Amino acid sequence: MSLRVTGLFYIVHSYHSAGRFTEALEQAHALLSLLDGRETERFGLSGLPYSGTCAFMAEGLAELGDHAGAMDMIRRAESVADGAGHLYSQMVVAAYEGRVLAKAGNARDAIAILERTAATCRERHFPGQLINALNFLGHAYVIAGRPADAIAAAQEAIDLQEGAKVYVHRAEKLTTLVRAYTQLGELERAEDVLTQALDFAERLGERAVEAWARLAGGELALRRGDRRLAEQYVDEAQEIAEELGMAPLIERCRAALRQVA
């Protein structure tokens with residue numbers, strides 16, 4: 001049973017990281033069915049696989065445009081983690097709640113949750129979840145128009161990853177830096193980081209992250225006055241978004257193309 005749970009959990013994680021959200025959700029439903037009646041067991045994992053799976057599902061649903069469904073999954077994850085009194089799992093859920101809120105455009109509430117989560121993870125020495133919380137916090141700061149804070153959070157997450165020799169979703173953290181440097185008008189620096197972001201996303205096969213990075217590239221190109229390059233980047237982002245069914249990103253790309261035109 002432990003091997004089945006662990007295998008399915010990381011299959012969900014892998015599909016999710018690749019941006020194959022529909023397949024991730026299918027496998028996640030299979031895992032939740034397997035865990036029926038055993039929601040508070042860890043099966044050798046650091047966190048509760050039930051809560052972690054619900055958290056992945058929440059982010060996937062948010063990327064597909066189902067924000068109500070995403071929050072429902074967060075509440076399910078939260079109920080189990082709180083019921084078990086498992087702090088590590090509670091931090092997983094809190095980080096993804098902040099993520100979902102930021103994806104819905106609610107940066108203020110996202111920041112409040114993620115700042116508390118990052119502080120707890122730092123205090124309790126949960127490095128993996130600290131990386132996640134900082135990553136999501138950086139994104140929320142960008143949405144809130146706080147680029148200096150976004151840079152600090154994203155860079156700390158990158159530094160922690162470097163120390164652990166971990167590269168998953170590095171492109172996402174770098175994309176936050178691209179957007180923050182663009183907001184600050186540091187366009188050469190943003191261009192250098194964009195190259196790194198796209199390289200990581202392409203090498204690791206993180207298609208959804210690549211799409212967001214290409215949109216950031218389009219915004220940067222538009223800021224530099226290069227409408228042709230901006231249109232190319234946004235077209236590429238939209239193509240990936242349509243392939244993966246990422247409705248909110250598709251809308252962002254359409255809005256960006258209207259700006260280019």
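Structural notes, computed from the coordinates. Model, not experiment: these values are computed from the prediction.

So, how was this worked out
- Residues numbered from 1 in each chain as written.
- Predicted model: local features only at pLDDT ≥ 70, side-chain atom pairs only at ≥ 80, totals over all residues.
- Heavy atoms only, no water.
- Helix = DSSP H or I, 4+ residues; strand = E, 2+ residues; numbered from the N terminus.
- Rg over C-alpha atoms; globule rule 2.2 N^0.38 Å.
- Buried < 20%, exposed > 50% of the residue type's maximum accessible area, 1.4 Å probe, protein only.
- Contact = heavy atoms within 4.5 Å.
- Areas by Shrake-Rupley, 256 points an atom, 1.4 Å probe, with all protein chains shown as cover.
- Lys, Arg positive; Asp, Glu negative; His and termini not counted.
- Charge placed at Lys NZ, Arg CZ, Asp CG, Glu CD.
- Core = buried A, V, L, I, M, F, W, Y, C linked by side-chain atoms within 4.5 Å.
- Patch = residues over 30% accessible without salt bridge, like charges linked within 9 Å, V, L, I, M, F, W, Y side chains within 5 Å.
- Salt bridge = Lys/Arg side-chain N within 4 Å of Asp/Glu carboxyl O.
- 1 Å grid on protein atoms, 1.4 Å probe; cavity = no way out; pocket = protein on both sides within 12 Å on 5 of 7 lines; lining within 4 Å.
- Points joined across faces, edges and corners; volume = space filled by probe spheres on them.
- Polar contact = N/O pair within 3.5 Å; in protein donor to acceptor, adjacent residues only side chain to side chain.
- Disulfide = S-S within 2.5 Å.

1. A word on the overall build of the protein chain
Part 1 of the argument: A tally of helices and strands in the protein chain yields 13 helices and zero strands.
Part 2 of the argument: Written out in order from the N terminus, the α and β elements of the protein chain read α-α-α-α-α-α-α-α-α-α-α-α-α.
Part 3 of the argument: The C-alpha radius of gyration computed for the protein chain amounts to 18 Å, which stays within 12% of the reference 18 Å derived for 261 residues, consistent with globular compactness.
Part 4 of the argument: Counting only residues that meet the buried cut, the protein chain has 52% of its 261 residues in that class.
Part 5 of the argument: Taking all contacts inside the protein chain whose residues are at least 6 apart in sequence as the whole, residues at least 24 apart take part in 61%.
Part 6 of the argument: Surface summary for the protein chain: the accessible area is close to 11400 Å², and the carbon and sulfur share equals 49%.
Part 7 of the argument: Side-chain charges in the protein chain split into 28 positive and 37 negative, and the spacing between the mean points of these groups amounts to 2 Å.

2. Overview of the nonpolar core
Part 1 of the argument: Counting residues in hydrophobic clusters, the biggest one holds 77 residues, and the most contacted among them are Leu 31, Met 73, Tyr 96, Leu 114, Leu 174 and Leu 177.
Part 2 of the argument: Setting aside residues no more than four positions away along its own chain, Met 73 makes contact with Leu 32, Cys 54, Met 57, Ala 58 and Leu 61.
Part 3 of the argument: By size, the runner-up hydrophobic cluster in this structure holds 15 residues, among which are Leu 215, Ile 240, Met 246 and Cys 253.

3. Brief notes about a negative patch on the surface
Part 1 of the argument: A cluster of like negative charges, contributed by Glu 231, Asp 235, Glu 239 and Glu 242, occupies part of the molecular surface.
Part 2 of the argument: One can find Glu 231 in helix H12 (residues 227-244).
Part 3 of the argument: Among the residues examined, Glu 231 registers a relative accessible area of 39% and is labelled partly exposed.

4. A few points about the pattern of salt bridges
Part 1 of the argument: Evaluation of the coordinates by the stated rule reveals 22 salt bridges.
Part 2 of the argument: With its nearest N and O atoms 2.7 Å apart, the salt bridge here joins Glu 23 to Arg 20.
Part 3 of the argument: Residue Arg 20 is classed as partly exposed on the basis of its relative accessible area, which comes to 37%.
Part 4 of the argument: Three or more residues joined by partner-sharing salt bridges are found here, namely Glu 202, Arg 207, Glu 210, Arg 214, Glu 236 and Glu 243.

5. Brief notes about empty space enclosed by the protein
Part 1 of the argument: Going through the model one piece at a time under the given rule, you end up with one cavity of 30 Å³ or more.
Part 2 of the argument: Space inside the largest cavity adds up to approximately 250 Å³.
Part 3 of the argument: Lining the largest cavity are 20 residues, with Glu 63, Arg 99, Lys 103, Glu 172 and Trp 212 sitting closest to its centre.
Part 4 of the argument: Elements represented by at least two residues in the lining of the largest cavity include exactly helix H1 (2-17), helix H3 (49-64), helix H5 (87-103), helix H9 (170-184) and helix H11 (207-223).

6. Observations regarding the side chain of Glu 97
Part 1 of the argument: Checked against the element boundaries, Glu 97 lands in helix H5.
Part 2 of the argument: Taking relative accessible area as the criterion, Glu 97 reaches 11% and is therefore assigned buried.
Part 3 of the argument: Looking at Glu 97, its side chain comes within polar contact range of the side chain of Arg 75, at 3.0 Å.
Part 4 of the argument: Dropping the residues within four chain positions of it, Glu 97 is found in contact with Met 71, Ile 74, Arg 75, Glu 78 and Ile 113.

7. Focus on the side chain of Arg 214
Part 1 of the argument: Structurally, Arg 214 is set in helix H11.
Part 2 of the argument: Contacts of Arg 214, omitting those with residues within four sequence positions, involve Leu 198, Glu 202, Tyr 233, Val 234, Glu 236, Ala 237 and Ile 240.

8. A closer look at the layout of surface pockets
Part 1 of the argument: Estimates place the volume of the largest pocket at around 690 Å³.
Part 2 of the argument: Looking at the largest pocket, it is lined by 33 residues, and the ones nearest its centre are His 13, Phe 56, Tyr 88, Gln 129 and Asn 132.
Part 3 of the argument: When residues of the lining of the largest pocket are traced back to their parent elements, those giving at least two are H1, H3, H5, helix H7 (127-143), helix H8 (147-164) and H9.
Part 4 of the argument: Per-element tally for the lining of the largest pocket: the top contributor is H7, with seven residues.
Part 5 of the argument: Put simply, the second largest pocket is a space of about 150 Å³.
Part 6 of the argument: Ala 102, Lys 103, His 139, Trp 212 and Arg 252 are, among the 14 residues lining the second largest pocket, the residues nearest its centre.

9. What about the state of the cysteines?
In a disulfide, the sulfur atoms of two cysteines are covalently bonded to one another.
Part 1 of the argument: Here the structure, examined in full by the defined rule, presents zero disulfides.
Part 2 of the argument: Left unpaired, Cys 121 is separated from the closest cysteine sulfur, that of Cys 54, by 19 Å.

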